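Fold and geometry: a report
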Amino acid sequence: RSMVANGVINASVANIYDIAWHYASVDDRDATNAEISGIKRDIDVAWLVICGALVFFMQAGFAMLEVGIVHPKNAANILFKNLIDASLAALCFWLLGYGFAYGTDVGGFIGSSNFAISQIYNNAGEGGSDGWEGWFFQWAFTGAAATIVAGSVCERAKIEAYFCYSIVLTVFIYPIVVHWGWGSGFLSAWGAFPDAEGVARPIFSKTEKSNGMIDFAGSGIVHMVGGFSGLMGAIVCGPRSGRFVDGQVVELYGGNKVLQSLGCFILWFGWYGFNCGSTLMISDNAANVAGKVAVTTTLAAASGGIGATVLSKIILKNYDISMGLNGVLAALVSITANCSVVNPWHAVLIGFIGSCLLFLGPYLLLK
């Protein structure tokens with residue numbers, strides 16, 4: 001009965017609204033539409049600021065995870081690198097990086113305008129968003145990409161050398177890759193080279209059937225760039241002192257499992273801002289996409305954690321909490337690009353595959 005009553009009430013309210021709208025003047029309708037548009041704009045801006053703050057909070061997760069891995073005597077060094085990453089990323093991305101990433105396209109390779117976000121100012125949106133929140137959200141991503149390398153070269157890179165790397169990555173390397181995939185670069189799903197009619201087409205087939213590269217939240221653009229940068233840094237710096245003796249692998253400091261766990265859970269928490277926030281808005285049904293992304297992100301992370309834990313028992317003959325935690329992170333990286341387009345069972349499978357690759361990678365590097 002209550003459901004029927006609610007249905008009748010909702011129908012009555014809808015009818016009253018339709019009648020009122022029908023007899024409203026044009027000015028009243030325009031004013032109402034403008035007010036609705038303003039509310040939607042404010043909600044979208046607030047959504048992006050909140051999600052950007054969650055992504056920035058991941059810096060604390062990286063810091064705790066990395067401090068939990070290195071020897072205690074090197075804790076201050078790794079924390080300092082995380083601090084510098086966030087700070088340099090803000091200044092470098094403001095001055096040059098954002099323009100290279102999202103500025104006017106040059107040959108599908110790099111942006112060439114909006115340096116020092118000069119095209120963003122109060123009332124620039126003329127009733128729409130001015131764009132401040134877009135820079136803030138993308139800066140948080142830039143800091144995350146840069147910080148990935150800190151763990152890869154920990155305990156074997158001078159702090160001055162790391163500063164130089166952080167500047168180069170946040171000014172040139174990461175922004176250019178962003179332009180390729182998320183801006184108007186040659187890989188972008190919506191900004192690749194225009195065809196003869198001026199319609200943008202990706203390079204793959206240059207037809208309406210081509211979707212270009214889809215990387216919803218940055219598995220490739222953020223995490224792969226940071227991961228490969230870290231790999232190159234590890235190769236250049238070489239292994240930590242005492243890691244290999246007479247051709248044999250030597251296990252060094254086992255780490256602080258409490259800090260590793262804290263870091264992993266902070267990162268998992270922040271990842272909801274990373275993935276869900278990549279809708280870039282919450283109005284016009286984007287909330288449904290964000291809801292789906294939250295589900296697929298959760299299932300992939302859970303599957304990766306369980307998969308890595310089981311594999312550690314089978315391969316290492318014991319339950320290794322570090323591998324379980326890293327299984328969660330590997331799964332989160334794996335689901336980030338496709339979280340908006342896969343079904344829940346796909347997410348579970350993707351997370352498990354990510355945990356398997358987690359085991360394969362270190363052994364190949366050790367060999």
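The structure reproduced in this document is the subject of the present report. Not measured: the values here are computed from a predicted model. (Residues numbered from 1 in each chain as written. Predicted model: local features only at pLDDT ≥ 70, side-chain atom pairs only at ≥ 80, totals over all residues. Heavy atoms only, no water.)

**Things to note about the pattern of salt bridges**
Under the counting rule described, the total for this entry stands at 2 salt bridges. When the shortest N-O distance is used, the salt bridge between Asp 284 and Lys 40 registers 2.7 Å. Within this pair, whereas Asp 284 is found in the loop between helix H7 (257–276) and helix H8 (286–316), its partner Lys 40 is found in helix H2 (residues 26–67), the two being separated by 244 residues in sequence. Note on Asp 284: relative accessible area 55%, which makes it exposed. (Salt bridge = Lys/Arg side-chain N within 4 Å of Asp/Glu carboxyl O. Helix = DSSP H or I, 4+ residues; strand = E, 2+ residues; numbered from the N terminus. Buried < 20%, exposed > 50% of the residue type's maximum accessible area, 1.4 Å probe, protein only.)

**Focus: a nonpolar patch on the surface**
A cluster of nonpolar side chains, namely Trp 345, Leu 349, Phe 352, Ile 353, Leu 357, Leu 360 and Leu 364, defines an oily patch on the protein surface of about 730 Å² accessible area. Given a relative accessible area of 57%, Leu 364 falls into the exposed group. (Patch = residues over 30% accessible without salt bridge, like charges linked within 9 Å, V, L, I, M, F, W, Y side chains within 5 Å. Areas by Shrake-Rupley, 256 points an atom, 1.4 Å probe, with all protein chains shown as cover.)

**Observations regarding unusual backbone geometry**
Not every positive phi belongs to a glycine, and Leu 280 is a case in point at roughly 65°. By the secondary structure assignment, Leu 280 is in the loop between H7 and H8. By relative accessible area, which is 46% here, Leu 280 ends up partly exposed. The backbone of Lys 317 shows a phi angle near 70°, a positive value even though the residue is not glycine. Here Lys 317 is to be found in the loop between H8 and helix H9 (321–336).

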